[in-house]
Amino acid sequence: MAKESMKAREVKRAKLANRYAHKREEIAAKVKSGEMDHEEAWQALAKLPRNSNPIRQHNRCKITGRPKGYIRLFGISRIQFREMASKGLIPGVTKASW
């Protein structure tokens, strides 16, 4: 059950990041053009929800939700990768045998 709530939390963070991405881009553009100084930008960003920052998102295994040992190329954790590779479920990946 904890696994499902962690996945849901990541989904919520992704939705918030998408929703507020436009506002963050506007603030960045204003700073770049000189309309707003850095102090004002920090204050404007502080008013946005904390989870709307894309840096707070964490890569998680698509199957188990495990946050550690994530293999970005496949989108799964190292444990799931090893199991699936051993079963031949990942095309082009074979177990090394010396």
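Keep in mind it's a predicted model, so treat the numbers as computed, not measured.

Asks: What is the right way to read the side chain of Glu10 from this model?
Replies: With respect to the helices and strands, Glu10 occurs in helix 1 (residues 2-33). Accessibility expressed as a relative area gives 12% for Glu10, which makes it buried. Apart from the residues within four sequence positions on either side, Glu10 is in contact with Gln57, His58 and Arg60.

Asks: Honestly, the domain arrangement of the protein chain in this entry has me stumped. Any pointers?
Replies: By a widely used convention, the size of an interface equals the accessible area lost when the partners come together. Taken domain by domain, the protein chain consists of domain 1 (1-57) and domain 2 (58-91). With 6 residues of domain 1 in contact, the opposing surface of domain 2 contributes 7 residues. Summed over both partners, the interface of domain 1 with domain 2 comes to about 480 Å²; 47% of that surface belongs to carbon and sulfur atoms. In this assembly, domain 1 and domain 2 are joined by 1 salt bridge.

Asks: So what exactly am I meant to see when it comes to the packing of aromatic side chains here?
Replies: Where two aromatic rings form a pair, the distance of their centres and the angle of their planes describe that pair. Taken as a whole and judged by the stated rule, the model has 1 aromatic pair. Measuring from centroid to centroid gives 4.9 Å for Phe74 and Phe81, while their planes differ by 40 degrees, and the two rings are tilted.

Asks: Just checking my understanding: could you explain the pattern of salt bridges for this structure?
Replies: Where charged atoms of side chains with opposite charge meet at close range, the side chains can pair. Scanning the model with the defined rule gives 2 salt bridges in all. Between Glu10 and Arg13 there is a salt bridge, with its nearest N and O atoms 3.5 Å apart. You can see Glu10 and its partner Arg13 sitting in helix 1, 3 residues apart, about one turn around the helix. There is no split in this pair, since Glu10 and Arg13 are both buried. Linking Arg60 and Glu10 is a salt bridge whose minimum nitrogen-to-oxygen distance equals 3.6 Å. Of this pair, Arg60 sits in the loop between helix 2 (38-47) and strand 1 (70-71) while Glu10 is found in helix 1, placing the two residues 50 residues apart along the sequence. Across this residue pair, the class does not change: Arg60 and Glu10 are buried. By sharing partners, the salt bridges in this structure join Glu10, Arg13 and Arg60 into a single network.

Reading the values: the criteria
- Residues numbered from 1 in each chain as written.
- Predicted model: local features only at pLDDT ≥ 70, side-chain atom pairs only at ≥ 80, totals over all residues.
- Heavy atoms only, no water.
- Helix = DSSP H or I, 4+ residues; strand = E, 2+ residues; numbered from the N terminus.
- Buried < 20%, exposed > 50% of the residue type's maximum accessible area, 1.4 Å probe, protein only.
- Contact = heavy atoms within 4.5 Å.
- Domains from an automatic or database assignment.
- Buried area = accessible area lost by both parts, 1.4 Å probe.
- Salt bridge = Lys/Arg side-chain N within 4 Å of Asp/Glu carboxyl O.
- Phe/Tyr/Trp six-rings, centres within 6.5 Å; stacked < 30°, edge-to-face > 60°.

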